[in-house]
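Given next are the chains, with one letter for each unit.
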Amino acid sequence: MSNRFAIVLAAGQGTRMKSKLYKVLHSVCGKPMVQHVLDQVSALQVKETVTIVGHGAEKVQAQLGDKCGFALQAEQLGTAHAVMQAESLLQGKQGTTFVICGDTPLIKAETMEALIKQHEAQGAKASVLTAYLEDPTGYGRIIRNKEGFVEKIVEHKDATEAEKLVTEINTGTYCFDNQALFEALKKVSNDNVQGEYYLPDVIEILKSEGEIVTAYQTADFEETLGVNDRIALSEAEKIMRKRINFEHMKNGVTLIDPEQTYIEADVTIGQDTIIYPGTIIKSGTTIGSDCEIGPNTEIAQCEIGDSTAIRQSVAHNSSIGSHVKIGPFAHIRPQSQIADEVKIGNFVEIKKSVFGHGSKASHLSYIGDAEVGSDVNIGCGSITVNYDGKNKFLTKIGDDVFVGCNSNLVAPVSVGDGAYIAAGSTITEDVPGEALAIARARQVNKEDYVSKLNFNK
Ligand code: UD1
Ligand code: MG
């Protein structure tokens with residue numbers, strides 16, 4: 001296998017997106033398009049990858065980190081001009097250079113691999129990945145000669161009426177002999193409708209010099225979608241979503257209705273977990289096996305154990321143990337640690353709190369900035385009063401504590417192991433372990449009071 005290099009084109013503004021965000025940073029299933037491309041390229045045993053940045057260069061670089069090198073294209077004069085910017089890094093090196101656009105997030109590593117294999121097997125100087133589309137509008141067209149060999153690529157805007165009828169399109173993914181690429185780029189002109197230096201012109205240049213140029217057609221036209229506007233972005237999202245959902249189902253996850261299940265990239269789900277419709281699971285989430293998630297549940301960046309049920313609820317940036325029951329209508333806010341066998345019931349909000357093994361908050365509670373021990377019962381309507389309008393304070397609740405209904409625990413405060421808090425108490429002082437704390441006014445009954453009133457008389 002010869003040395004492999006890759007160039008990812010990511011310098012364009014993406015005018016047609018009509019967005020403040022640079023095109024290649026728009027996400028498809030929770031991951032920026034250019035990151036999808038880089039992740040696929042990294043599966044190809046590439047020796048050196050150079051991403052061409054321009055618009056939003058710092059933001060694109062921050063996204064990709066040190067996984068690749070960067071070359072700046074200060075002015076966006078076209079895709080050939082973009083590739084030229086990698087010259088100082090790759091010029092003179094022997095091997096195959098792979099060029100791919102940062103706005104084609106669906107192209108798979110295996111398809112790129114097949115393109116390279118054919119390119120190398122045929123000793124080609126250039127190979128282009130093509131596809132047949134029912135509606136080729138907007139794409140560059142592959143023009144073949146009478147013998148069926150690729151002659152050139154014509155951009156939609158430059159195409160004659162006859163050329164526009166061609167349904168084989170340029171996916172924007174190519175392989176080149178590295179040295180031949182940089183030689184040919186010098187000959188590309190900008191004599192076209194858009195006044196740009198087109199990378200596809202390299203194909204015609206090499207062909208006219210008698211070099212071998214090939215095309216590899218992928219049967220999966222869905223892979224080739226180039227995202228230039230929000231309509232294509234939504235199409236890419238739909239295709240990627242289907243791909244992700246199928247992968248989970250193949251791994252043993254049940255999706256009751258895959259069309260209404262929104263699982264982003266980089267989510268892990270264990271076998272025999274069932275996901276109900278209307279569920280959104282965002283990138284960076286791990287869910288164990290035998291869980292039941294949804295319906296209508298949103299989970300982001302959480303780590304969830306096995307056999308846990310989360311119904312009609314929202315959970316963000318938290319860890320949730322095994323055999324836990326959450327919801328319906330619960331909210332687990334960031335930095336919470338929910339231990340095994342916990343129950344968080346309806347209308348309960350947990351924020352930045354540790355909630356110990358086997359503890360329960362079954363209804364209508366707010367637990368914020370708290371450390372709750374194991375086997376604690378938080379009665380209906382009880383809350384931690386963690387905020388004085390300026391600062392947040394900690395509530396510490398030991399093991400085996402019973403917090404009666406509708407209690408306020410005014411932080412900073414701590415309740416010792418095994419303590420009881422009487423219903424309706426407002427606790428402002430620490431409660432020792434095993435103690436009963438009652439902090440409410442005594443009840444007064446005024447006998448015969450009602451008969452002394454002169455209502456309606
Ligand atoms: C390009 C191809 C077209 C192909 C289509 C596939 C050219 C001239 N046309 O068209 O044949 O069918 O992709 O999706 O190449 N970029 C730069 N610098 C520039 C210009 C573009 O880095 O100066 C980057 C963009 O950020 C983008 C990629 O190159 O990621 C492609 O540019 P775009 O403007 O989307 O080209 P298309 O019109 O889609
Ligand atoms: Mg494009």
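See the structure shown above.
Residues numbered from 1 in each chain as written. Chains lettered and ligands numbered in written order. Predicted model: local features only at pLDDT ≥ 70, side-chain atom pairs only at ≥ 80, totals over all residues. Heavy atoms only, no water.

Q: So what exactly am I meant to see when it comes to the pairing of strand E1 (residues 4-10) here?
A: A regular strand places its side chains so that they alternate between the two faces of the sheet. Judged by how many residues are buried, E1 sits mostly within the fold: seven of seven residues are covered. Side chains of E1 alternate between two faces, with Arg4, Ala6, Val8 and Ala10 and Phe5, Ile7 and Leu9 buried alike. Here E1 runs beside strand E6 (residues 96-101); their pairing, made up of six bridges, is parallel. Looking across to E6, one finds that arginine 4 is bridged to threonine 96. Relative to strand E4 (residues 48-53), E1 is paired through six bridges, and the arrangement is parallel. Bridge assignment links alanine 10 to a residue of E4, and that residue is valine 53. (Buried < 20%, exposed > 50% of the residue type's maximum accessible area, 1.4 Å probe, protein only. Helix = DSSP H or I, 4+ residues; strand = E, 2+ residues; numbered from the N terminus. Pairing = 2+ DSSP bridges.)

Q: I tried to follow the coordination of the magnesium ion (ligand 2) on my own but got confused; where do I start?
A: Between any two of four tetrahedral donors, the ideal angle at the metal is 109.5 degrees; between two of six octahedral donors, it is 90 or 180 degrees. Coordination sphere of the magnesium ion (ligand 2), protein contribution only: Asp103 (OD) and Asn228 (OD1), at 2.1 to 2.3 Å. Separated by 125 residues along the polypeptide, aspartate 103 in the loop between E6 and helix H5 (109-121) and asparagine 228 in the loop between strand E11 (213-217) and helix H9 (230-250) bring together distant segments of the chain. (Donors = N, O, S within 2.8 Å, 3.2 Å for Na, K, Ca; no water.)

Q: Help me understand the site of ligand 1 in this model?
A: The immediate surroundings of ligand 1 are formed by 26 residues, with Gly12, Gln73, Thr79, Glu155 and Asn170 found nearest. Between ligand 1 and glycine 12, the relevant distance is 2.9 Å, taken from an oxygen atom to a main-chain nitrogen or oxygen of the residue. Between an oxygen atom of ligand 1 and a side-chain N or O atom of lysine 23, the distance comes to 2.9 Å. When isolated, ligand 1 has an accessible area of 760 Å², and the protein chains bury 91% of it. Counting residues per element, the ones that place at least two in the shell around ligand 1 are E1, helix H3 (79-84) and strand E10 (168-177). (Near = heavy atom within 4 Å. Polar contact = N/O pair within 3.5 Å; in protein donor to acceptor, adjacent residues only side chain to side chain. Areas by Shrake-Rupley, 256 points an atom, 1.4 Å probe, with all protein chains shown as cover.)

Q: I keep staring at the pattern of salt bridges and nothing clicks. Help me out?
A: Pairing between side chains of opposite charge can happen when the charged atoms of each approach one another. In this structure the tally under the stated criterion is 17 salt bridges. The shortest N-O distance in the salt bridge between lysine 108 and aspartate 220 comes to 4.0 Å. Of this pair, lysine 108 sits in the loop between E6 and H5 while aspartate 220 is found in the loop between E11 and H9, placing the two residues 112 residues apart along the sequence. Residue class for lysine 108 comes out partly exposed when judged on its relative accessible area of 23%. Judged by its relative accessible area of 25%, aspartate 220 is partly exposed. (Salt bridge = Lys/Arg side-chain N within 4 Å of Asp/Glu carboxyl O.)

Q: How do you make sense of the packing of aromatic side chains when you look at a structure like this?
A: Aromatic ring pairs are defined here through the distance separating the ring centres and the angle between the ring planes. Within this structure, the stated rule accounts for three aromatic pairs. Between tyrosine 174 and phenylalanine 176, the ring centres sit 5.6 Å apart and the planes meet at 25°, which makes this aromatic pair stacked. Taking the relative accessible area as the measure of exposure, phenylalanine 176 reaches 0% and is therefore buried. Aromatic pair phenylalanine 402 and tyrosine 420: ring centres 5.2 Å apart, planes at 25°, arrangement stacked. (Phe/Tyr/Trp six-rings, centres within 6.5 Å; stacked < 30°, edge-to-face > 60°.)

Q: How should the sheet that holds strand E29 (residues 354-355) be read in this particular structure?
A: Remark on secondary structure: sheet strands pair via backbone hydrogen bonds, oriented parallel or antiparallel. The strand order E14-E17-E20-E23-E26-E29-E32-E35-E38 describes an open sheet built from nine strands, whose pairing is parallel. Strand pairing shows two members of the sheet lacking a second neighbour, strand E14 (268-269) and strand E38 (413-415), which therefore form its edges. Both strand E35 (residues 395-397) and E38 contribute to a ladder of three bridges, which runs parallel. Bridge assignment links isoleucine 397 to a residue of E38, and that residue is valine 415.

Nothing here speaks to function; it is geometry throughout.
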